[in-house]
Amino acid sequence: MLADLKSAKKVTGAKQVTRALKNGGVQRVFLAQDADPRITEPVAALCREQGVETESVPTMAQLGSACGIAVGSAVAATIL
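The text that follows walks through the structure, step by step, so that each part is easy to find. (Residues numbered from 1 in each chain as written. Predicted model: local features only at pLDDT ≥ 70, side-chain atom pairs only at ≥ 80, totals over all residues. Heavy atoms only, no water.)

A word on the sheet that holds strand β3 (residues 53-57)
At step 1: Pairing is mixed in the open sheet, where four strands are placed in the order β1-β4-β2-β3. A strand with exactly one partner marks an edge of an open sheet, and here the two such strands are β1 (10-12) and β3. Within this sheet the neighbouring strands show an average axis-to-axis angle of 20 degrees, counted without direction.
At step 2: The sheet contact formed by β1 and strand β4 (residues 75-79) spans three bridges and is antiparallel. Bridge assignment links V11 to a residue of β4, and that residue is A77.
At step 3: Across the sheet, helix α2 (residues 37-50) is in contact with β2 (26-32), β3 and β4; its angle to β2 comes to roughly 150 degrees. (Pairing = 2+ DSSP bridges. Helix = DSSP H or I, 4+ residues; strand = E, 2+ residues; numbered from the N terminus. Axes fitted to C-alpha atoms, helices over the stretch in contact; angles between N-to-C directions. Contact = heavy atoms within 4.5 Å.)

Topic: the pattern of salt bridges
At step 1: The final tally for this structure, using the stated rule, is four salt bridges.
At step 2: The closest approach of N and O atoms between D36 and R38, which form a salt bridge, is 2.7 Å.
At step 3: A salt bridge links R48 to E41; the nearest nitrogen and oxygen atoms lie 2.6 Å apart.
At step 4: According to the relative accessible area criterion, R48 is exposed, its value standing at 56%.
At step 5: Look at the salt bridges and you will find they share partners, linking R28, E53 and E55 into a network. (Salt bridge = Lys/Arg side-chain N within 4 Å of Asp/Glu carboxyl O. Buried < 20%, exposed > 50% of the residue type's maximum accessible area, 1.4 Å probe, protein only.)

Pasting the structure below:
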C-alpha cells in the first residue's frame, strides 16, 4: 500500500492530516514508527475515534519518499 502513495491524492504532515480527518474524506493514515509520539499519537487517536484505518511505516524517510517529497514525514494520509 505504501507504493500507492506516490500516485494517490494525499496530504502530509500532522496539521494537514488532522484537518483532513476533521473535514472527512480520509481513506487511510500512515504513521512513521520513528516519529515523535507527541506528533503521531493525537492523529492515531483521532483515527480510532473516526474508524479510519492506519498503517505503520518503519521510518519518516520511507514515508516521505513514498509521498514523493525530499524530506521525512511523520504522518501522511490518502484522501478522496
